[in-house]
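Given next are the chains, with one letter for each unit.
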Amino acid sequence: MVSAVFHSPLEAAAPAARGGDKPREPNATHLIADGAHPTGATAKNSMKITVPAAAPAKPPRDASALWLTILPPLLGLGLLVLVWELVSMGTGASIPSPKDTFIQAIEIFKDPFYSKGPNDQGVGWNVLSSLKRVAMGFGLAAVVGIPVGFMIGRFTFLSRMFNPLISLLRPVSPLAWLPIGLLVFKGADPAAIWTIFICSIWPMIINTAVGVQRVPQDYMNVARVLNLSEWKIVTKILFPAVLPYMLTGVRLAVGTAWLVIVAAEMLTGGVGIGFWVWDEWNNLNVKNIIIAIFVIGIVGLVLEFALIRIATAFTFEEVKS
């Protein structure tokens, strides 16, 4: 006669708790043969069969989320290429086709940092020159605009004093300031930097001032009770609360600066991506103009993405482009 006994893990662990014996392994089936009593000691001819525990099933991958991430951008780029090809065919190839432009781009980016004189340099040097001007004008705007925004937002008298000036000067086209820069600084580079400065400063001032004005009044009441100095109010209370607004102003300002530098370099000349576009137009090289348009867009996209990541790191809410 053969009888089988199935022991649960709790029953196997009970003798170990009483007598100090080792607990039986879970998920095991014990077979007692040769007429042994089911509840007695283990028979001589006993067999122990261990059934391994089933591995946890892995959750299936969500392919729909992957397609929703990759497919829409690919469709958008495909639509752009299709429209571009149709325009090229409709204009009798006066607008180069995507294939011809791509072949030309390969030739350009084989050696982007060549230099054959002050007016004949690779696209890499032109982009770096434009970024250098943007960095200088943008940096000066941050040094001036952020403190001014703090003061305007902190003090009502200064806010009422500067608000009319900002409302008057902010709508002025940035290129309208270029002749003033040429007249004052007597040079193309300082004039371009001045143009970047004057167009970048307004978003920083306005966003910083709005951030200071939106600090909860409870924070300021606590500072007044603790008798904090103005420096500690700015560094310990205002700056952490205003930082997301500041970064938003910086992100808007750098986008505007990159737009303006291209137009400014078209008018002032020298080395820069804007001058490169204008020089290629004078040479009737439309392929290089289209390549420059893509380069400008990619550089602007990288700057925007970098600042969004920085703003996200210092902001509790999601920063959207």
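Heads up: these notes are all about the structure in this document. Remember, predicted model here, so these are calculated numbers, not experimental data.

Here we come to a nonpolar patch on the surface. Together, Ile70, Leu74, Leu77, Leu80, Phe294, Ile298 and Val302 make up an exposed nonpolar region whose accessible area comes to about 660 Å². Counting residues per element, the nonpolar patch draws most heavily on helix 2 (residues 63-90), at 4 residues. One can find Leu77 in helix 2.

With that out of the way, let us pick up helix 5 (residues 156-169). The terminal C-alpha atoms of helix 5 lie 20 Å apart, and with 14 residues this matches the ideal 20 Å at 1.5 Å per residue to within 8%. Taken as a whole, helix 5 carries its principal kink of about 35° at Phe162; the proline Pro164 stands between one and four residues after it. Looking only at helix 5, the buried set comprises Leu158, Ser159 and Ile166. In this fold, the buried residues of helix 5 make contact with helix 4 (123-154) and helix 7 (188-213).

The tally for this structure, following the rule as stated, stands at 5 salt bridges. Notably, a salt bridge pairs Arg154 with Glu230, separated by 2.9 Å at the nearest N-O pair. Here the residue Arg154 occupies a position in helix 4, and Glu230 occupies one in helix 9 (residues 230-268), the gap between them amounting to 76 residues. Judged by relative accessible area, Glu230 falls into the partly exposed class, the value being 35%.

Bringing the packing of aromatic side chains into the picture now. Going through the model one piece at a time under the given rule, you end up with 5 aromatic pairs. Pairing Phe113 with Trp125 gives two aromatic rings, centres 5.2 Å apart and planes at 85°, and the pair type is edge-to-face. With Phe113 in the loop between helix 3 (98-110) and helix 4 and Trp125 in helix 4, this pair connects stretches of sequence that are 12 residues apart. The partly exposed category is assigned to Phe113, whose relative accessible area is 42%. Taken together, the aromatic side chains of Trp177, Phe185, Trp194 and Phe197 make up a single cluster linked through ring pairs. One residue, Lys116, lies across the ring of Tyr114, its end atom 5.4 Å from the ring centre. Note that Arg154 overlies the ring of Phe155, its terminal NZ or CZ placed 5.8 Å from the centroid.

The next point concerns the nonpolar core. Among the nonpolar cores identified, the biggest contains 31 residues, and Phe150, Met204, Ile205 and Leu238 are the most heavily contacted of them. Put simply, the parts of the chain that give this core at least two residues each are helix 4, helix 7, helix 8 (217-225), helix 9 and helix 11 (286-313). It is helix 9 that contributes the most residues to this core, 10 residues altogether. Residues contacting Phe150, with those up to four places away along its chain left out, are Thr208, Val212, Val234, Leu238, Phe239, Val242 and Met246. Residues Val134, Cys199, Ile289 and Ile296 belong to the second largest nonpolar core, which totals 22 residues.

To continue, consider the packing of helix 3 against helix 11. Remark: helix 3 packs on helix 11, axes separated minimally by 9 Å, with the N-to-C direction vectors making an angle of 75°. Comparing their axes, helix 11 and helix 3 come out roughly perpendicular. Judged by residue contacts, Asp100, Thr101, Gln104, Ala105, Ile108 and Phe109 of helix 3 engage Lys287, Asn288, Ile290, Ile291 and Val295 from helix 11. Here the contact of helix 3 with helix 11 is built from residues that sort into 6 nonpolar, 3 polar and 2 charged.

Below, the discussion takes up the environment of Gln213. Residue placement: Gln213 occurs in helix 7. Remark: the alpha-carbon pair of Gln213 and Ile152, spanning 61 residues in sequence, is separated by 9.0 Å. The residues touching Gln213, leaving out its near neighbours within four places in the chain, are Ile152, Gly153 and Ser159.

About the thresholds
Residues numbered from 1 in each chain as written. Predicted model: local features only at pLDDT ≥ 70, side-chain atom pairs only at ≥ 80, totals over all residues. Heavy atoms only, no water. Patch = residues over 30% accessible without salt bridge, like charges linked within 9 Å, V, L, I, M, F, W, Y side chains within 5 Å. Areas by Shrake-Rupley, 256 points an atom, 1.4 Å probe, with all protein chains shown as cover. Salt bridge = Lys/Arg side-chain N within 4 Å of Asp/Glu carboxyl O. Helix = DSSP H or I, 4+ residues; strand = E, 2+ residues; numbered from the N terminus. Expected span 1.5 Å × (residues − 1). Bend = angle between axes of the 7 residues up to and from the residue. Buried < 20%, exposed > 50% of the residue type's maximum accessible area, 1.4 Å probe, protein only. Contact = heavy atoms within 4.5 Å. Phe/Tyr/Trp six-rings, centres within 6.5 Å; stacked < 30°, edge-to-face > 60°. Lys NZ or Arg CZ within 6 Å of the ring centre and 35° of its normal. Core = buried A, V, L, I, M, F, W, Y, C linked by side-chain atoms within 4.5 Å. Axes fitted to C-alpha atoms, helices over the stretch in contact; angles between N-to-C directions. Parallel < 35°, antiparallel > 145°, perpendicular 65-115°, else oblique. Nonpolar A, V, L, I, M, F, W, Y, C, P; charged D, E, K, R; others polar.

Just geometry here; none of it tells us what the structure is for.
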